Amino acid sequence: AAAGQSELSVRFVSAFFGLLTVAITYRLARSLCAEERVAQVAALMVALNPYLVWQSQDARMYTLLTATCAGSFLLASLVWRALLAQGRAPRRLWLGYLVITLLSLYSHYGAIFALLAQNLALLVWLAIQPRHQARFWLSPLVRQWLLGQVALAAGFLPWILAAAPLMLGHTKGWIAPVTLAALLERSLTTYSVGTTTGDLAVPLAAGGNAFDVKRVGGGLLVQTPDSLN
């Protein structure tokens, strides 16, 4: 009611979080790499990604999911850096990380994969440390990070308990069952070349996200990011 009844008011929230994702990506890249050009290229890739452009024009929750996941990664990197340097992270960083990550989880179940990616990244980093630094496994970084993950699980538990009966017993005649392999394949293509590529989805997904292909009549229409307004 406050925003009005126009098409702009319906899509504004999606567009806002889509733009916010670009800014967060830039800041995340600067956090991981000091080079300005790397951050600029990362932000440009997000700004021109056909799937993200599309979702920024759609009145759904997907750009909220993207922005909060990006924000979660950014805050996680800042928490890790503080723990390594000082043995503790400021409360504002922990609070920000927990709130933003929980918001992503409550926005869409897909956020679980972002959380898994964070933990996998940390696990790989710990695994490649020199043997004489094996003490990292018992460091404040590991202990406090695990406590943070427990806090996230506790914060998400109320929704899991409420949604479990529906999710486990959910059946719809018009929704075909999807195997894990099919889910992963669809996720790969959706997050790279989009969802309108038809039979070309898998080859294009292997080649990057520079194009979006649509079936038009008996042929194919290839769109570059610049033509996806």
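Calculation criteria
Residues numbered from 1 in each chain as written. Predicted model: local features only at pLDDT ≥ 70, side-chain atom pairs only at ≥ 80, totals over all residues. Heavy atoms only, no water. Axes fitted to C-alpha atoms, helices over the stretch in contact; angles between N-to-C directions. Helix = DSSP H or I, 4+ residues; strand = E, 2+ residues; numbered from the N terminus. Parallel < 35°, antiparallel > 145°, perpendicular 65-115°, else oblique. Left-handed = near helix turned anticlockwise from the far one by under 90°. Contact = heavy atoms within 4.5 Å. Nonpolar A, V, L, I, M, F, W, Y, C, P; charged D, E, K, R; others polar. Salt bridge = Lys/Arg side-chain N within 4 Å of Asp/Glu carboxyl O. Buried < 20%, exposed > 50% of the residue type's maximum accessible area, 1.4 Å probe, protein only. 1 Å grid on protein atoms, 1.4 Å probe; cavity = no way out; pocket = protein on both sides within 12 Å on 5 of 7 lines; lining within 4 Å. Points joined across faces, edges and corners; volume = space filled by probe spheres on them. Core = buried A, V, L, I, M, F, W, Y, C linked by side-chain atoms within 4.5 Å. Phe/Tyr/Trp six-rings, centres within 6.5 Å; stacked < 30°, edge-to-face > 60°. Bend = angle between axes of the 7 residues up to and from the residue.

Caption draft 1: Fine view of the packing of helix α5 (residues 91-107) against helix α7 (residues 140-168). The N-to-C vectors of α5 and α7 enclose an angle of 40°; their axes lie 10 Å apart at closest approach. Between α5 and α7, the crossing angle belongs to the class labelled oblique. In this structure, α5 crosses over α7, and the sense of that crossing is right-handed. For the pair α5 and α7, the contacting residues are Trp94, Tyr97, Leu98, Thr101, Leu102, Leu105 and Tyr106 in the first and Gln144, Trp145, Gly148, Gln149, Ala151, Leu152, Gly155, Phe156, Pro158 and Trp159 in the second. Tallied by class, the residues present in the contact of α5 with α7 amount to 12 nonpolar, 5 polar and no charged.

Caption draft 2: Molecular detail of the pattern of salt bridges. In the structure shown here, the tally under the stated rule is 2 salt bridges. Residue Arg11 pairs with Glu7 through a salt bridge whose shortest N-O separation is 2.9 Å. Here Arg11 pairs with Glu7, and both are found in helix α1 (residues 7-32), just 4 residues apart, close to one helical turn. Exposure remark for Glu7: the relative accessible area of 54% places this residue in the exposed category.

Caption draft 3: Expanded view of the layout of surface pockets. Taken as a whole, the second largest pocket encloses approximately 720 Å³ of empty space. Considering the residues around the second largest pocket, the lining is formed by 25 residues, among which Thr66, Cys69, Ala70, Phe73 and Ala114 are closest to the centre. Put simply, the parts of the chain that give the lining of the second largest pocket at least two residues each are α1, α3 (50-56), α4 (62-86) and α6 (111-127). At 9 residues, α4 tops the list of elements feeding residues into the lining of the second largest pocket. Looking at the lining of the second largest pocket, its residues break down into 18 nonpolar, 7 polar and no charged.

Caption draft 4: Quick look at the nonpolar core. By size, the foremost hydrophobic cluster in this structure holds 24 residues, and its most contacted members are Trp94, Tyr97 and Trp145. Elements with a contribution of two residues or more to this core: α4, α5, α6 and α7. Per-element tally for this core: the top contributor is α4, with 8 residues. Setting aside residues up to four positions removed in sequence, Trp94 forms contacts with Val79, Leu83, Ala89, Gln144, Trp145 and Gly148.

Caption draft 5: Inspection of the packing of aromatic side chains at higher detail. Using the criterion set out here, one finds 8 aromatic pairs in the structure. Seen from their ring centres, Tyr51 and Trp54 are 6.0 Å apart, and the 85° between their planes marks the pair as edge-to-face. Of this pair, Tyr51 and Trp54 both sit in helix α3, separated by 3 residues, roughly a single helical turn. Given a relative accessible area of 37%, Trp54 falls into the partly exposed group. On the basis of an interplanar angle of 65° and a centroid distance of 5.3 Å, the ring pair of Trp80 and Trp145 is categorised as edge-to-face. Within this pair, whereas Trp80 is found in helix α4, its partner Trp145 is found in helix α7, the two being separated by 65 residues in sequence.

Caption draft 6: Summary view of the packing of α4 against α5. Taken N-terminus to C-terminus, the directions of α4 and α5 make an angle of 150°; their axes are 8 Å apart at the nearest point. With respect to each other, α4 and α5 are oriented roughly antiparallel. As α4 packs across α5, the resulting crossing turns out to be left-handed. In this structure, α4 contributes Leu64, Leu65, Thr68, Cys69, Gly71, Ser72, Leu75, Ala76, Leu78, Val79, Ala82 and Leu83 to the contact, and α5 contributes Leu93, Trp94, Gly96, Tyr97, Ile100, Thr101, Leu103, Ser104 and Ser107. Considered class by class, the residues forming the contact of α4 with α5 number 14 nonpolar, 7 polar and no charged.

Caption draft 7: Structural context of α7. Within α7, the axis deviates most sharply at Phe156, by approximately 40°, and proline Pro158 lies no more than four positions further along. Listed in full, the buried residues belonging to α7 are Leu141, Val142, Trp145, Gly148, Gln149, Leu152, Phe156 and Ala163.

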